[in-house]
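Letter by letter, the chains look like this.
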Amino acid sequence: MENHAVSMEKIVSLCKRRGFVFQSSEIYGGQNGAWDYGPLGIALKNNIQKAWWKEMTQLHDNIVGLDAAILMHPRVWEASGHVANFSDPLVDCKDCKSRFRADDDTQISPENVEKRTCPKCGGPLTEPRSFNLMFKTSIGPAEDSSSVIYLRPETAQGIYVNYKNIAQSNRLKIPFGIAQVGKAFRNEIVTKNFIFRTCEFEQMEMQFFVKPGEDENFFEYWREQRMSYYPKYGIRKDKLRWHHHDKLAHYAKDAYDIEFEFPMGFQELEGIHNRTDFDLTQHTEYSGKDLQYIDQDNGNERFIPYIIETSAGLTRNVLMFLCDAYEEEKVADKGNDDDWRTVLHFHPSIAPVTVAVLPLMKKDGLAELAKEIQGELKEEFMTDYDQSGAIGKRYRRQDEIGTPFCITIDYDSKEDNTVTLRFRDSMEQVRIARSDLVSRIRAEIKSYSRA
Ligand code: GAP
């Protein structure tokens, strides 16, 4: 019997077929660890970013935005501890040349590491050696040690080094947060599972600056905020869970991950970290600049703020939204391929296309009328127009890319100015006046919940 469950192979294949994500440099055999976002992929990624940005900067009065440069002074990464500590222990097989992260038991078991035997071919392994994950390049015409510069491995440091500028220029009072979305780069040794772990990726990070002693309460506050965020955009609650870290990163006092159940199992989606005053204390020491906050409401009390960080992968979010939305649903019983449809149940605010406009026929003025109606909708919504093929096939094409609403224009539309509005999830259809379309779709988006 055919398996209709979601799998990574199906997601990868759909993404390529419909233009969500392509392998980078595919015509040259592909570049490991890098992916290109096609027309639907960039629309989906932008919508996910927009939802997060709204959540952080619009719905929280005390959070502002930043877009810091990727290239930063190399001392930043010495101060942050990344030069010394941001590394993985690697072992290589001397026979088959496979490479493994010695601390990752999904790649190699602790027993294999201890006995130094390759899990693939049984050959001898090298001693574990430390491998720094930062990409190094050089700036300026000479390639010597003075020109070394790194591609940032996290966006967070751009926020820390700007925190005083931002607090002063915006007259921010603690507690406050700074949000940022941007590229990060890590020389990951094993890049597998499509866009889950890549060398070039995007993060959505928010750093929340609080008074020491208030950090634990805010840590709990942000844990609660972040876990309740994803279901607002349709992610099923039973696909999310917490993972409490027992091994902490060099900067953290406490850390939890929100994990999502991807096809390969529960894996990290977002981290919530109590980074204490570690980063700002380090930057004070390395830069020689005073990074204390002056609390004017409390007799000019001075302190280095503690930082609660929420750090989510944007590109990993894209994979989560795709996996969570994917369904192969039985819709008929004729014993052929048409019995099943592939549907992406995206929340309408996340879907790459919100409304598809479909004239029943190209002829008799229906195409012209449909274009006119699309013109009325496109100021408000991302629309698509499709006039080719049977209407059933066109619905299926839209289901497969997650378009929540389809509008069909038929001969009656010419007479009475009504159209058919079809809902992706239920496949129900209603007849509705053309003049009510915008307000009805707006209301449907607002009240949407996944069945
Ligand atoms: N500033 C803290 C920080 O960077 P992290 O746990 O290393 O923490 C945060 O990364 C998030 O960034 C992860 O939860 C994940 O969603 C995403 N991420 C990290 N490495 C990634 C990679 N190689 N590819 C894709 N996403 C990644």
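These figures come from a predicted structure and were not determined experimentally.

About the cut-offs
- Residues numbered from 1 in each chain as written.
- Predicted model: local features only at pLDDT ≥ 70, side-chain atom pairs only at ≥ 80, totals over all residues.
- Heavy atoms only, no water.
- Domains from an automatic or database assignment.
- Contact = heavy atoms within 4.5 Å.
- Buried area = accessible area lost by both parts, 1.4 Å probe.
- Salt bridge = Lys/Arg side-chain N within 4 Å of Asp/Glu carboxyl O.
- Polar contact = N/O pair within 3.5 Å; in protein donor to acceptor, adjacent residues only side chain to side chain.
- Helix = DSSP H or I, 4+ residues; strand = E, 2+ residues; numbered from the N terminus.
- Pairing = 2+ DSSP bridges.
- Axes fitted to C-alpha atoms, helices over the stretch in contact; angles between N-to-C directions.
- Patch = residues over 30% accessible without salt bridge, like charges linked within 9 Å, V, L, I, M, F, W, Y side chains within 5 Å.
- Areas by Shrake-Rupley, 256 points an atom, 1.4 Å probe, with all protein chains shown as cover.
- Buried < 20%, exposed > 50% of the residue type's maximum accessible area, 1.4 Å probe, protein only.
- Near = heavy atom within 4 Å.
- Nonpolar A, V, L, I, M, F, W, Y, C, P; charged D, E, K, R; others polar.
- Disulfide = S-S within 2.5 Å.
- Expected span 1.5 Å × (residues − 1).
- Arc of directions from axis to C-beta.

**Remarks on the domain arrangement of the protein**
According to the domain assignment, the protein consists of domain 1 (8-70 + 155-322) and domain 2 (353-446). Averaged C-alpha coordinates put domain 1 and domain 2 at centres separated by 37 Å. On the side of domain 2, 4 residues touch domain 1, which itself brings 5 residues to the contact. For the domain 1 and domain 2 pair, buried surface summed over both sides reaches about 430 Å², with 55% attributable to carbon and sulfur atoms. Counting the surface domain 1 buries against domain 2, the share from its top three residues, L14, R18 and L40, is 71%. Counting across the domain 1 and domain 2 interface gives 2 salt bridges. One salt bridge connects E400 with R17, and the closest N-O pair in it is separated by 2.4 Å. Where domain 1 meets domain 2, there are 3 residue pairs in polar contact (both at pLDDT 80 or more). If you tally residues by element for the side of domain 1 that touches domain 2, the top one is helix α1 (residues 8-18), at 3 residues.

**Observations concerning the sheet that holds strand β22 (residues 418-423)**
Spatially, β20-β19-β21-β22-β23 is the arrangement adopted by the 5 strands of the open sheet, whose pairing is mixed. Each having just a single partner strand, β20 (383-385) and β23 (429-433) make up the two edges of the open sheet. When the angles between neighbouring strand axes are averaged without regard to direction, this sheet yields 25°. Pairing geometry for strand β19 (residues 355-359) and strand β21 (residues 405-409), over 5 bridges, is parallel. Its bridge partner lying in β21, V355 is registered against F405. Along the sheet, helix α13 (residues 437-446) contacts β19, β21, β22 and β23; its crossing angle with β21, the most-contacted strand, is approximately 160°.

**Points about a nonpolar patch on the surface**
Judged by side-chain polarity, L360, M361 and Y411 come together as a nonpolar surface patch covering roughly 240 Å² of accessible area. Mapped onto the elements of the fold, L360 is located in the loop between β19 and α10 (366-377). Classification of L360 by relative accessible area gives partly exposed; the value is 34%.

**Some details on the site of the ligand**
As a matter of local geometry, the ligand sits amid 22 residues, with E154, T198, E205, E268 and E309 nearest to it. Between a nitrogen atom of the ligand and a main-chain N or O atom of F196, the distance comes to 3.5 Å. Here Q203 contributes a side-chain N or O atom positioned 3.0 Å from an oxygen atom of the ligand. Protein burial of the ligand: of its 560 Å² of free accessible surface, 93% is covered by the chains. Of all the secondary structure elements, the ones that give two or more residues to the shell around the ligand are β10 (200-210), β13 (265-276) and β16 (306-313). With 6 residues, β13 is the largest single contributor of residues to the shell around the ligand. Class assignment for the residues of the shell around the ligand results in 6 nonpolar, 6 polar and 10 charged.

**Quick word on the pattern of salt bridges**
Across all of its chains, the model carries 40 salt bridges by this definition. A salt bridge links K330 to D333, with the nearest nitrogen and oxygen atoms 3.2 Å apart. Judged by relative accessible area, K330 falls into the partly exposed class, the value being 45%. One salt bridge connects E372 with R434, and the closest N-O pair in it is separated by 2.7 Å. Residue E372 is found in helix α10, and its partner R434 is found in the loop between β23 and α13; the two are separated by 62 residues along the sequence. When its relative accessible area of 46% is taken as the criterion, E372 is described as partly exposed. Look at R434 and you get buried, because its relative accessible area is 15%.

**Topic: the state of the cysteines**
A complete count under the given rule lists 0 disulfides for this structure. Left unpaired, C93 is separated from the closest cysteine sulfur, that of C121, by 3.6 Å. With no disulfide of its own, C199 lies 19 Å from the sulfur of C15, the closest cysteine sulfur. On the basis of relative accessibility, which here comes to 13%, the residue C199 falls in the buried class.

**Considerations on α10**
An ideal rise of 1.5 Å per residue puts 16 Å on 12 residues; α10 measures up with 17 Å between its terminal C-alpha atoms. Turning to α10, its buried residues number three or more, namely L366, A367, L369, A370, I373, Q374 and L377. Around the axis of α10, the buried residues are gathered within 160° of arc, so they sit on the same side. Close packing links the buried residues of α10 with β19, β20, β21, α12 (411-416), β22 and α13.

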